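Here's the letter readout for the chains.
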Amino acid sequence: VMRRNPFGMDICCRKGSRSPLQELYNPTQLSNTAILHQIRRDQVTDTCRANSVSSRKRRVLTPNDLKHLVVDEDHEMIYCYVPKVACTNWKRVMMVLTGRGKYSDPMEIPANEAHVSSNLKTLNQYSIPEINHRLKNYMKFLFVREPFERLVSAYRNKFTQKYNTSFHKRYGTKIVRRQRKNATQEALRKGDDVKFEEFVAYLIDPHTQKEEPFNEHWQTVYSLCHPCYIHYDLIGKYETLEEDSNYILQLAGVGNYLKFPTYAKSTRTTDEMTTEFFQNISSLHQTQLYEVYKLDFLMFNYSVPSYLKLE
């Protein structure tokens, strides 16, 4: 049976249970939530079109582009994880969903366990026909966050925590070497005292992008999840994390026994904190940094922060 639905998408109806996609595009009752997600999808489509990202010669996605897309076969869902946007908790939830009874409470899974790549299956591990089938038929979702808040969160986590020595060695030493005049030998060796201004200077330096892609913790959502080439059915926001997450779990048919973990994080990066970090950044650097993350701002409907002094 093919049915037309208000969103103009043909969905083939399986007899019996409804798939998450059917419930989303052809809801039993049209909810404000369904409309909200349609508006978010349209915003992405319009931004891609306006910036002629999708109309240019279509870039073919390679398996390497798909390593952030976590697949849940049982519930026919694909989640593109974006670091610093509740991705640890979403990976825990995906482990519960794909674990076939191995886990029941997401918060029982240690954080480091959630990031072990073999614990979750990603789309790049499938053959091309299998990839295409899943992209076409599974419900795809991602979570986004105000880009500069996410950036400050990544900086605080990777450069101000003493335990992140691998980041200090891998990136900190390089940033100090490139951005700090008269750096001490110790700073050059350890890379554990990178200032936010130095981090920003490193990100906007054209040499950085030429050298290698950004690390996933500060890479744009646009480059991690390819929303102009992959049609996401749901775009969740960090600002409405619980509602959006539980809506997805409800669509997947697991909402009655699985809720998204909630806990108050007192260390969370806030808007006020982000404002403070940007106080010392010159307006030229702010303007250049905004250019780097501009598509994320536009695509996910985040306005230009009021604290920015753009040139």
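Treat the numbers as computed from the prediction; the structure is a model and nothing was measured.

Some words on the pattern of salt bridges
Part 1 of the reasoning: A complete count under the given rule lists 16 salt bridges for this structure.
Part 2 of the reasoning: Close ionic contact of Arg268 with Glu149 constitutes a salt bridge, the shortest N to O distance being 3.3 Å. With Arg268 in the loop between α12 (241-251) and α13 (271-278) and Glu149 in helix α6 (residues 147-159), the pair connects residues that are 119 residues apart, well separated along the chain.
Part 3 of the reasoning: The class of Glu149 is buried, set by a relative accessible area of 8%.
Part 4 of the reasoning: Measuring nitrogen to oxygen at the nearest pair gives 3.5 Å for the salt bridge that ties Glu211 to Lys174. Of this pair, Glu211 sits in helix α10 (residues 206-211) while Lys174 sits in helix α7 (residues 165-179), and the two are 37 residues apart along the sequence.
Part 5 of the reasoning: The class of Glu211 is partly exposed, set by a relative accessible area of 40%.

Notes on the state of the cysteines
Part 1 of the reasoning: All chains considered together, the criterion is met by two disulfides.
Part 2 of the reasoning: Across the disulfide, Cys48 is cross-linked to Cys228 (sulfur-sulfur distance 2.0 Å). Negative torsions about the S-S bond denote left-handed disulfides, and the value of about -90° found for Cys48 with Cys228 makes this one left-handed. In this pair, Cys48 is assigned in helix α2 (residues 32-50) and Cys228 in the loop between α11 (221-225) and β6 (234-237), connecting sequence segments 180 residues apart. Here Cys48 matches Cys228 in class, with each residue buried.
Part 3 of the reasoning: Note that Cys80 is cross-linked by a disulfide to Cys225, the S-S spacing being 2.0 Å. The chirality of the disulfide connecting Cys80 with Cys225 is left-handed, given an S-S dihedral of about -90°. Placement of Cys80 in strand β4 (residues 77-80) and of Cys225 in helix α11 is noted, with a sequence separation of 145 residues between them. Across the pair, exposure class does not vary: Cys80 and Cys225 are buried alike.
Part 4 of the reasoning: Between Cys87, a free cysteine, and Cys80, which holds the nearest cysteine sulfur, the sulfur-to-sulfur gap is 10 Å.

Considering the sheet that holds strand β3 (residues 69-72)
Part 1 of the reasoning: Read from one edge of the open sheet, four strands run β3-β4-β5-β6, paired in mixed fashion. This sheet does not close on itself; its edge strands, each paired only once, are β3 and β6. Going across the sheet, the axis of each strand differs from the next one's by a mean of 25°, ignoring polarity.

What to know about the confidence of the model for the chain
Part 1 of the reasoning: Averaged over all residues, the pLDDT of the chain equals 90, while 92% of them reach at least 70.
Part 2 of the reasoning: Taken together, the stretch residues 1-16 has pLDDT below 50 and engages in 35 contacts with residues farther than four places along the chain or on a different chain.

Describing the domain arrangement of the chain
A common measure of how large an interface is: the accessible area buried when the components associate.
Part 1 of the reasoning: The domains assigned to the chain are domain 1 (20-146 + 219-267) and domain 2 (148-217 + 269-294).
Part 2 of the reasoning: Counting from both sides, the interface comprises 14 residues of domain 1 and, opposite them, 15 residues of domain 2.
Part 3 of the reasoning: Carbon and sulfur atoms make up 46% of the area that domain 1 and domain 2 hide from each other, which totals about 1300 Å².
Part 4 of the reasoning: Contact with domain 2 buries surface across domain 1, with Lys84, Glu146 and Gln219 losing the most and accounting together for 49% of the total.
Part 5 of the reasoning: There are one salt bridge connecting domain 1 and domain 2.
Part 6 of the reasoning: At the surface where domain 1 touches domain 2, the tally comes to nine residue pairs in polar contact (both at pLDDT 80 or more).
Part 7 of the reasoning: A per-class count over the side of domain 1 that touches domain 2 returns seven nonpolar, four polar and three charged.

Calculation rules
Residues numbered from 1 in each chain as written. Predicted model: local features only at pLDDT ≥ 70, side-chain atom pairs only at ≥ 80, totals over all residues. Heavy atoms only, no water. Salt bridge = Lys/Arg side-chain N within 4 Å of Asp/Glu carboxyl O. Helix = DSSP H or I, 4+ residues; strand = E, 2+ residues; numbered from the N terminus. Buried < 20%, exposed > 50% of the residue type's maximum accessible area, 1.4 Å probe, protein only. Disulfide = S-S within 2.5 Å. Pairing = 2+ DSSP bridges. Axes fitted to C-alpha atoms, helices over the stretch in contact; angles between N-to-C directions. pLDDT = per-residue confidence, 0-100. Contact = heavy atoms within 4.5 Å. Domains from an automatic or database assignment. Buried area = accessible area lost by both parts, 1.4 Å probe. Polar contact = N/O pair within 3.5 Å; in protein donor to acceptor, adjacent residues only side chain to side chain. Nonpolar A, V, L, I, M, F, W, Y, C, P; charged D, E, K, R; others polar.

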